[in-house]
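Listed below are the residues making up each chain.
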Amino acid sequence: MHKLGGSIIDTAGKPISEANILLIAGADTLRTTSNKDGRFSFKDIKASKVTLNISIIGYERYGALHELKEKTTTLAPVTLKNAGEMLKEVVIRPQPQPIRIKKDTIEYDAAAFNVMEDDRVTELLKQLPGMEVDDDDNVKTMGKEMTKLRVNGKDFFTNNVKDFISKLPASIVAKIQVIDDYGDQANFTGIRVGEPVKMLNIVTKPGMDKGVFGTISTVGGTNSQYGAKLNSNIWRDQTQIGFNGGFNKANNGAGSSKNSSANGSYLDKIGKNINSNLNYNFGNMQSDSQRESLIETTNTLGTIFNQTGSNGNNKSNNNSLAWGIQSSTKKRFFVINLGLSQNKGASNSQSFSRQSGIVKQDLNDENRSSSHTPNINVGGSWSQRFKQSRNNVSFNFNFSRGVTSSDQQINSHTTYYDPNSSAMVKDSILNRLIDSQNKSTNLGGGLSFSQTLGKKDTIASRNLNISYNFSVGNVENSLLTYVTDAQGISHYVDTLSNRYHSTNITQSAGISYSYNAKKLSYNLGINAQPNLMRGKYEDRNERISNSTLNYSPTLNVSYRISPSNSFSAYYNGSSRAPGFYQLQPVKNTQNLQNIVIGNPELKPSFSHAINMNYNLVGLKTGKSLQLGIGASTVQNQIVTNVILRRDTLNSLKQETHYENTNGTYNVNGNYAFTLPFGNRKYNVGLRGNVGYSQNVSFTDNVKLFNHGVNFSQALNSGYNSKKFSASGSVSYSLSTNNYSLQQQNTKNIENWFFNLTARANLFKGLNVGLNGSKRINSGYALGNNNPLIINASISQAFFKKKSATISIQGYDLLKQGNNLSRYVSGNSIVDSRSNQLTRYFTFNLSLNLQQFGSK
């Protein structure tokens, strides 16, 4: 391999920047441009004889043959003469290829999609087939959250997708890549195990890997809202400095909410091939909340209907500091990370619970609590590739320590009724103080070795991989309960208190064979995972000890069938130890209507999951079809066993216990099809998901099965041009829950959702936007109004670069919004609604300053 460098000057000796340089070395063609000092360089040149061509408007072309006798060659400055007569340059631009498929990557050419002037990356992502972006800038692809961001393959500030897609302009983007990422160490060693993370990589246009950008904005609104934000960033490739800060106060419909935050980040090179980063985050939040729920709990005696409601105030104060150092060369890779965090919280709430059905009683609670959670974590990895044998060895470690301390004061007033006559039988008052503390320490590490098999092959590599990993978790818990009598004197209750200590040791040993070629890569093997858990109850002189041994395959396949389609599959197996509240055998009486008692004989659960994906694209048309199929099951799953007990008043109370069981599984499939036409100004898309699941729970020691179907289908279309964009969609979703108990009826939720969004850039920086949506709900136990939500905005930009903007936004103009949700837990179905302000107006003033590239 050779390196070639040089510089370009004019006849006056001044450097010439932005010159186009073409290097032809045998069958390879390399391109670059000269920098502001006129310098250029090429590396990894295979041939020893090369042809160098240099061109730039206004100067005569240069062409010459050079022989590279040394590994590193520096040419004498190349002098370009002024062109005597300059013809108008003719630029032939090839038709952009919208989508291209690689083994683990789907690549989109930004030039094939239409965005408006001054649009952010967010608007570009919304047009890409298979991508979904919501109003909070959460990005999903094929139903999976995308949280990791890089720019030009390098770490970018916080590396969080949400933080920057609304800040970076779409005009600097050349390509968008969606990558199945297995981590930096896997990228270095080539050993890919487990489930990949969806990573977004933004490839910028040449010379656009630097810039200064930021925003200053203020907001005021009809909901007693006011606030301000400051965002500033300096980006010079690997030198990155960022600061964000802001505060906001508003009426959220239940009371006031206040938020303030600040964060700073710094990333830079500290040596050859070594980068260091530092991040600090601060957040303070205070909010009032209201919530109501209707819970239906089924058991062998009948159904309990529980109407609940709560309102309260929550405060939190969070600080975190993270530092890291990373180095990557062809032979060696290492990374070290250190994190510190401290969270403080306090809450004050009032709640009620009205039970009917086979149990009739009322519960009113006042709850005050405070908590403090400091944490520290250290982790790192190191990999070494041996040049002669082409083998590699890797080592990783992690350590974490966390303490959670909380104090609760709970004042409960319970009223009992006769289930037949509804007459009040008795009421009682119970005041409790609960002090709890959790100390957890985790130490883990691993070692892997990869042996190259066969002779050196430039087409493919084959490796035998051996790995060992361990994790030791130590937990100390204490739960101390005091009851306050009528005279205000607190008494310690040993039957409701407990001190517990446990150690969980998880190990994993595996062997696999990996193959890596241009089109096909796979890793096949087997893992053995022994697990040992030991615990001791300090006040009872009781001990627990159990162990399990699980075997699971190692499977990762990535196959690029052709430039237009690819297939991938992976399996993931993982063990999970039971938590403290699931193990402790004493009563947890924080909720007097549902006493929780742990099971010290619980074993760790082990989950199995397999997923397969297929991608098909039209290289010229841009049409796209993405398919996904997945299945999962859990061995020794920890589930609830809800038992009804009669108290001294012959009233029923619920007790929740925990059991290990098998029988839970889930199967799902999803697809997304996009068809663009009209030079990709128009597009029609169809996407959907269908899943079938079986969940297991126990009621009065009877094993129950809950069968559920989740089905969704959406049709969407859009139009995008430089001045106007519009999109519309209609979707339908169905969710069913069918219990094996005969007296439990099937519970179905159906939703129809219609949405229309339009944006227009009218003239001289005037922009208008409109969004309308209609939702039709059925099947909820709580009432709903099938809301029609209409939002509108208008903004005007000022100055030459449109850096200042005034905007007015209106939300839920018809005031019809409400928030409904449903989830299933064990033998209970929970419908919830949160109260919040939905109609309000805001006035925004912002100053957006940005400069990208060398100019």
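Residues numbered from 1 in each chain as written. Predicted model: local features only at pLDDT ≥ 70, side-chain atom pairs only at ≥ 80, totals over all residues. Heavy atoms only, no water.

Asker: Can you walk me through the overall build of the chain in this structure?
Answerer: When its secondary structure is counted, the chain shows 4 helices and 50 strands. The buried share among the 855 residues of the chain stands at 41%. Pairs at least 24 apart in sequence give 63% of the contacts found in the chain among residues at least 6 apart. Of the roughly 43,700 Å² of accessible surface on the chain, a fraction of 54% belongs to carbon and sulfur atoms. Each charge class in the chain was averaged separately, 91 positive and 57 negative side chains, and the resulting centres sit 8 Å apart. (Helix = DSSP H or I, 4+ residues; strand = E, 2+ residues; numbered from the N terminus. Buried < 20%, exposed > 50% of the residue type's maximum accessible area, 1.4 Å probe, protein only. Contact = heavy atoms within 4.5 Å. Areas by Shrake-Rupley, 256 points an atom, 1.4 Å probe, with all protein chains shown as cover. Lys, Arg positive; Asp, Glu negative; His and termini not counted. Charge placed at Lys NZ, Arg CZ, Asp CG, Glu CD.)

Asker: Mind showing me how you'd approach the environment of G772 here?
Answerer: With respect to the helices and strands, G772 occurs in strand β45 (residues 766–778). Sequence separation of G772 and I789 is 17 residues, and the distance between their C-alpha atoms is 5.7 Å. Leave out the neighbours within four places in its chain, and G772 touches F754, N755, L756, I789 and I790.

Asker: Please clarify how the pairing of strand β43 (residues 724–739) should be interpreted in this entry.
Answerer: Residues in a regular strand project their side chains so that they alternate between the two faces of the sheet. Two elements, strand β42 (residues 702–720) and β43, share 15 bridges in a ladder whose sense is antiparallel. When the bridges of β43 are listed, G708 appears paired with N737. Once β42 ends, the chain turns through 3 residues before running back antiparallel as β43. (Pairing = 2+ DSSP bridges.)

Asker: Any chance you could explain the sheet that holds strand β3 (residues 28–33) here in plain terms?
Answerer: Picture the strands of a sheet paired through backbone hydrogen bonds; they go either parallel or antiparallel. Sheet architecture is open: 4 strands sit in the order β3-β2-β5-β6, paired in antiparallel fashion. The sheet is open, and its two borders are formed by β3 and β6 (62–67), each paired with just one other strand. Between one strand axis and the next, the sheet turns by 20° as a mean value, whatever way the strands run. Pairing between strand β2 (residues 20–25) and strand β5 (residues 49–55): 5 bridges, direction antiparallel. What sits directly across from I21, in β5, is I54. (Axes fitted to C-alpha atoms, helices over the stretch in contact; angles between N-to-C directions.)

Asker: Looking at this model, I keep getting lost on the side chain of D109. Mind explaining?
Answerer: Examined against the element boundaries, D109 turns out to sit in strand β10 (residues 105–109). In this structure D109 is buried but unpaired, with K175 as the nearest side chain of opposite charge at 4.0 Å. Apart from residues lying up to four places away in sequence, D109 is in contact with P96, Q97, P98, A174 and K175. (Salt bridge = Lys/Arg side-chain N within 4 Å of Asp/Glu carboxyl O.)

Asker: I tried to follow the sheet that holds strand β17 (residues 197–204) on my own but got confused; where do I start?
Answerer: Strand order in the open sheet made by the 6 strands is β9-β10-β16-β17-β14-β15, with mixed pairing throughout. The open sheet has two edge strands, β9 (99–101) and β15 (154–160), and neither has a second partner. Neighbour-to-neighbour, the strand axes of this sheet turn through a mean angle of 25°, independent of strand direction. Sheet topology note: the strand β14 (residues 148–151)/β15 ladder contains 3 bridges and is antiparallel.

Asker: I would appreciate a short explanation of the pattern of salt bridges in the present structure.
Answerer: A side chain with one charge can pair with a side chain of the opposite charge if their charged atoms come near. By the definition in use, this model includes 13 salt bridges. With a closest N to O distance of 3.1 Å, E655 and R645 form a salt bridge. With E655 in strand β39 (residues 652–661) and R645 in strand β38 (residues 637–646), this residue pair connects regions lying 10 residues apart in the sequence. Residue class for E655 comes out buried when judged on its relative accessible area of 11%. Sharing partners across several salt bridges, the network here consists of D119, E123, K126 and R759.

Interpretation in functional terms is not warranted from these geometric data alone.
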